[in-house]
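Reading the structure
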Amino acid sequence: MEDVQSRHGAPVVVDAGSGNAYLGFILYELFLKDAEAGTLLSVEGRPELTQRAKERAGRLGFGRMEFQTAHLEEAQWPERIHVLMALHACDTATDDALAVAIQKGADYVAVVPCCQAEVAQQLKESKQAVDATLALLYQHAWHRREFGSHLTNVIRALTLEAFGYQVTVTELTGWEHSLKNELILGRRVHRENRQARAKLESLLGSFGVRPKLARVLGVEPRSPTSQPTPPEATRTTPA
Ligand SMILES: C[S@@+](CC[C@H](N)C(=O)[O-])C[C@H]1O[C@@H](n2cnc3c(N)ncnc32)[C@H](O)[C@@H]1O
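Presented here is a report on the structure given in the accompanying data block. Predicted, not measured: the structure shown is a model, and the values here were computed from it.

Looking at the sheet that holds strand β6 (residues 165-171)
The strands making up a sheet are joined through hydrogen bonds of the backbone, oriented either antiparallel or parallel. Pairing within the open sheet is mixed, and its 7 strands lie in the order β3-β2-β1-β4-β5-β7-β6. Each of the sheet's edge strands pairs with one partner strand only, and the pair in question is β3 (65-69) and β6. Strand-to-strand twist in this sheet, taken as the mean axis angle between neighbours without regard to direction, amounts to 15°. As paired elements, strand β4 (residues 83-87) and strand β5 (residues 108-112) share 5 bridges and run parallel to each other.

Thoughts on helix α4 (residues 93-103)
Among the 11 residues in α4, 10 count as buried, and that is most of the element. Within the span of α4, buried status applies to Ala93, Thr94, Asp95, Asp96, Ala97, Leu98, Ala99, Val100, Ala101 and Ile102. Against β1 (12-16), β4, β5, α7 (141-162) and α9 (212-217) lie the buried residues of α4. After α4 finishes, the residue glycine 105 shows a positive phi value of roughly 60°.

Some thoughts on unusual backbone geometry
In this structure, alanine 21 is a non-glycine residue whose phi angle is positive, near 65°. By secondary structure assignment, the location of alanine 21 is in the loop between β1 and α2 (22-32). Residue class for alanine 21 comes out buried when judged on the 26 C-beta atoms lying within 10 Å of it.

Quick word on the site of the ligand
Around the ligand, 19 residues are found, and the nearest of them are Gly17, Gly19, Gly45, Leu87 and Ala93. Taken together, the residues that form the shell around the ligand break down as 9 nonpolar, 7 polar and 3 charged.

Let's talk about the packing of α7 against helix α8 (residues 194-207)
Their axes nearest at 8 Å, the elements α7 and α8 cross at an angle of 155°. By the angle class used here, α7 and α8 are roughly antiparallel. Where α7 crosses over α8, the two elements pack in a sense that is left-handed. Contact with α7, carried on its side by Leu151, Ile155, Leu158, Thr159, Glu161 and Ala162, involves Ala196, Arg197, Lys199, Leu200, Leu203 and Phe207 of α8 and no other residues of that element. Partitioning the contact of α7 with α8 into residue classes produces 8 nonpolar, 1 polar and 3 charged.

What counts, and at which threshold
- Residues numbered from 1 in each chain as written.
- Predicted model: local features only at pLDDT ≥ 70, side-chain atom pairs only at ≥ 80, totals over all residues.
- Pairing = 2+ DSSP bridges.
- Helix = DSSP H or I, 4+ residues; strand = E, 2+ residues; numbered from the N terminus.
- Axes fitted to C-alpha atoms, helices over the stretch in contact; angles between N-to-C directions.
- Buried ≥ 20, exposed ≤ 12 C-beta atoms within 10 Å, placed from the backbone.
- Contact = placed C-beta atoms within 7 Å.
- Near = placed C-beta within 6 Å.
- Nonpolar A, V, L, I, M, F, W, Y, C, P; charged D, E, K, R; others polar.
- Parallel < 35°, antiparallel > 145°, perpendicular 65-115°, else oblique.
- Left-handed = near helix turned anticlockwise from the far one by under 90°.

Right, dumping it as structure tokens:
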């Protein structure tokens with residue numbers, strides 16, 4: 001926030017899957033309330049939550065907080081986004097949020113994923129096609145769910161890298177507050193990173209999965225038997 005505020009006169013901050021918009025209220029209070037400009041847009045699928053948050057913003061006089069009731073796939077996004085965040089956006093909603101950040105070239109992205117089920121199902125369906133030793137990692141339903149969730153977040157981090165973000169994965173808060181505690185932070189430093197893209201395609205191919213984020217961005221799995229990426233394809237392109 002300090003970086004975008006120092007570089008951009010009127011930063012646009014987006015909270016995707018905002019619920020009651022508490023995170024937005026905190027950021028607005030800390031960074032935007034006393035600034036001359038800057039907008040915080042909360043996008044949430046449940047109208048009653050949007051309405052309640054809108055009324056609260058009105059009472060607090062937080063005039064540059066905006067609210068939109070929409071499914072993330074159908075929302076109207078600002079042309080320029082400086083910071084995009086998604087805290088516990090359910091299942092593939094985190095993918096929707098990341099896809100928007102990448103497509104809009106957001107300077108910063110911060111997501112804390114929630115529960116994830118999509119990749120566990122894909123692992124179940126692709127079990128026969130992948131390396132038999134690797135498949136031992138998720139033979140049992142419980143492991144498949146945990147491993148599927150882990151693999152999903154690895155893919156999310158690597159996708160950010162492939163699209164030019166420098167990524168940090170860390171914990172959000174004390175474990176006593178939330179078991180969904182993985183914070184994935186990205187800062188856009190390149191336009192793309194072909195080496196990371198090649199690793200991502202190969203990871204998808206090795207496990208026979210293609211989560212929503214990969215589908216939306218058109219990232220295809222690479223067959224584990226295909227040729228390695230030639231050296232000239234491993235360069236990064238500056239943002
Ligand atoms: C677990 S809550 C988290 C809310 C808020 N970010 C927070 O941390 O307090 C997830 C929120 O995301 C919303 N949501 C889930 N999928 C969504 C989607 N595809 N489009 C819009 N909102 C979505 C839900 O309605 C819910 O309010």
